[in-house]
There are 2 protein chains.
Amino acid sequence: MMDEVKIIEIKKSVFAENEKDADSLRKELKNKGVYLLNLMSAPGSGKTTTLIQTINRIKDKVRVAVMEADIDGAVDAVRINVVTGVPAIQLHTGGMCHLDAEMTRQGLDHLDLDNLDLVILENVGNLVCPAEFDTGAVRNTMILSVPEGDDKPLKYPLMFTVCDLVIVNKIDVMPYFDFDLERCKEYIHQRNPKAQVIPISAKTGEGIDAFAEWLVNEITLWKNSKF
Amino acid sequence: MMDEVKIIEIKKSVFAENEKDADSLRKELKNKGVYLLNLMSAPGSGKTTTLIQTINRIKDKVRVAVMEADIDGAVDAVRINVVTGVPAIQLHTGGMCHLDAEMTRQGLDHLDLDNLDLVILENVGNLVCPAEFDTGAVRNTMILSVPEGDDKPLKYPLMFTVCDLVIVNKIDVMPYFDFDLERCKEYIHQRNPKAQVIPISAKTGEGIDAFAEWLVNEITLWKNSKF
């Protein structure tokens, strides 16, 4: 465990062609055998708690590190590192609302990629901008939390379109909110018919096994794929 | 009440100097006697429900209209119009994550400003980008909801710095979340020592009177001010 978490000040990207750059990064990471997962959400959806629960279930099978992107602060990276023991670094975006591939690369440069199977990028808490930029990840995933409401796919269409997996978090408080999981799934599938939906409660642990299984299975399939 | 809500497709702003433009808009609105309130928050914080509750309390005293900014959809504007009877228009930002003064003006052009005292701009659900752009509003306000966590001022410093009022919503579910109101106030005041904090539950109605009173008082003071 680290005494202090590493904080990296990310510089604005100089590459105009982000999509090309993201494809290059994906290839480099494939060659190194490092699976990059992009995890997005609104602020306060429970990304960090979900990651802690998930990492504790997979860290004996998969060598994992976390990159926490935030405007400011380092609380999340410290918490992940202290609780799970896996390497966690904090990326400061300097006020920027998203990460692109080059900015993601700046973070990856600070990790020991030769000894990792999985890097999870916890993107800036924002349902708009991060959806527009390919980070070079193998998969885009997001967390939607119950208190946010089941209508979010109607309001943030691109985010739900680009995500392969939607984790619905905080299902333990469903009785206190007007949230219909089936209606939410319908809205999600209007945006992306292939999106998978996994309901969880990072607080009680419900559903975390399903996400952990999805993730380990994903990495295995990807490691065995040509690209 | 309108049968169908007006949807305005906002075009990207051509003004480079947003701050100057915002000041001009503020002056124009002052001359017309229309108070513009900018209301920001993360997705799913309960902006629309809060507005409905508040408008129902003030609409006999104050002639109010609402502009709902969203990437897509028109559910919020329709709901506000149907439930409160006040004019509500929907601004589509075409994927943009914020509104600046010129974009706000495009919305205002569709309202009958001669017969209004207050226009509430429900900004795009996002704690990053909207904080960076002056819309021309008299006041910036935001809603932070309990499920998002009390640490949000640490992660989204600019948003909490630019807001004169932070409404803490969903206090009815406080027992189910690890949210310390006093700690949250401390974090808010680290960012902006002058920020007011009003705890509410848009669901139960608790605290809405305090916000309605703040708003009516604000408008009165502003109408009597030189500028």
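Our subject is the structure that appears above.
Note that this is a predicted model, so its numbers are computed, not measured. (Residues numbered from 1 in each chain as written. Chains lettered and ligands numbered in written order. Predicted model: local features only at pLDDT ≥ 70, side-chain atom pairs only at ≥ 80, totals over all residues. Heavy atoms only, no water.)

## Remarks on the interface of chain B and chain A
By a widespread convention, an interface's size corresponds to the accessible area lost as its parts come together.
And step 1. Taken together, the 32 residues of chain B in the interface contact 32 residues of chain A.
And step 2. Together, Pro43(B), Lys155(B) and Tyr176(B) form the three largest contributors to the area buried by chain B at its contact with chain A, with a combined 24%.
And step 3. At the junction of chain B and chain A, the tally comes to 2 salt bridges.
And step 4. Among the salt bridges present, the one from Lys155(A) reaches Asp76(B), with a minimum N-O distance of 2.4 Å.
And step 5. Put simply, the parts of the chain that give the side of chain B that touches chain A at least two residues each are α3 (75-84) and α5 (152-155) of chain B.
And step 6. The class makeup of the residues in the side of chain B that touches chain A is 17 nonpolar, 5 polar and 10 charged. (Contact = heavy atoms within 4.5 Å. Buried area = accessible area lost by both parts, 1.4 Å probe. Salt bridge = Lys/Arg side-chain N within 4 Å of Asp/Glu carboxyl O. Helix = DSSP H or I, 4+ residues; strand = E, 2+ residues; numbered from the N terminus. Nonpolar A, V, L, I, M, F, W, Y, C, P; charged D, E, K, R; others polar.)

## Considerations on the relation of the copies chain B and chain A
And step 1. Relative to chain A, chain B is turned by 180° and slid 0.0 Å along the rotation axis, the superposed coordinates differing by an RMSD of 0.0 Å. Both chain copies can therefore be described as sitting about a two-fold axis. Rotation axis and chain B: the residue whose C-alpha lies nearest the axis is Asn126(B), separated from it by 2.9 Å.
And step 2. The overlap is high: 100% of the interface residues of chain B also sit at the interface in chain A, so the same surface is used on both sides. (Least-squares fit on C-alpha atoms with pLDDT ≥ 70 in both.)

## A few points about the side chain of Gln90(A)
Residues and elements named next belong to chain A.
And step 1. Among the secondary structure elements, Gln90 is positioned in strand β4 (residues 88-92).
And step 2. When its relative accessible area of 0% is taken as the criterion, Gln90 is described as buried.
And step 3. Within polar-contact distance, the side chain of Gln90 engages the backbone oxygen of Glu68 at 3.5 Å.
And step 4. Within the structure, Gln90 has its side chain in polar contact with the side chain of Asp70 (distance 3.2 Å). (Buried < 20%, exposed > 50% of the residue type's maximum accessible area, 1.4 Å probe, protein only. Polar contact = N/O pair within 3.5 Å; in protein donor to acceptor, adjacent residues only side chain to side chain.)

## Quick look at the packing of aromatic side chains
And step 1. Summed over the entire model, instances satisfying the criterion amount to 6 aromatic pairs over all chains.
And step 2. Taking 5.4 Å as the distance between ring centres and 85° as the angle between the ring planes, the aromatic pair formed by Tyr35(B) and Trp222(B) counts as edge-to-face. With Tyr35(B) in strand β2 (residues 35-41) and Trp222(B) in helix α8 (residues 208-224), this pair connects stretches of sequence that are 187 residues apart. One exposure class covers both Tyr35(B) and Trp222(B), and it is buried.
And step 3. Between Phe211(B) and Trp214(B), the aromatic rings sit 6.2 Å apart at their centres with planes inclined by 25°, giving stacked as the arrangement. Separated by 3 residues within a single helix, Phe211(B) and Trp214(B) lie in helix α8, roughly one turn from each other.
And step 4. Residue classification places Phe211(B) among the buried residues on the basis of a relative accessible area of 1%.
And step 5. The positively charged end of Lys30(A) is found above the aromatic ring belonging to Trp222(A), 4.8 Å away from the centroid. (Phe/Tyr/Trp six-rings, centres within 6.5 Å; stacked < 30°, edge-to-face > 60°. Lys NZ or Arg CZ within 6 Å of the ring centre and 35° of its normal.)

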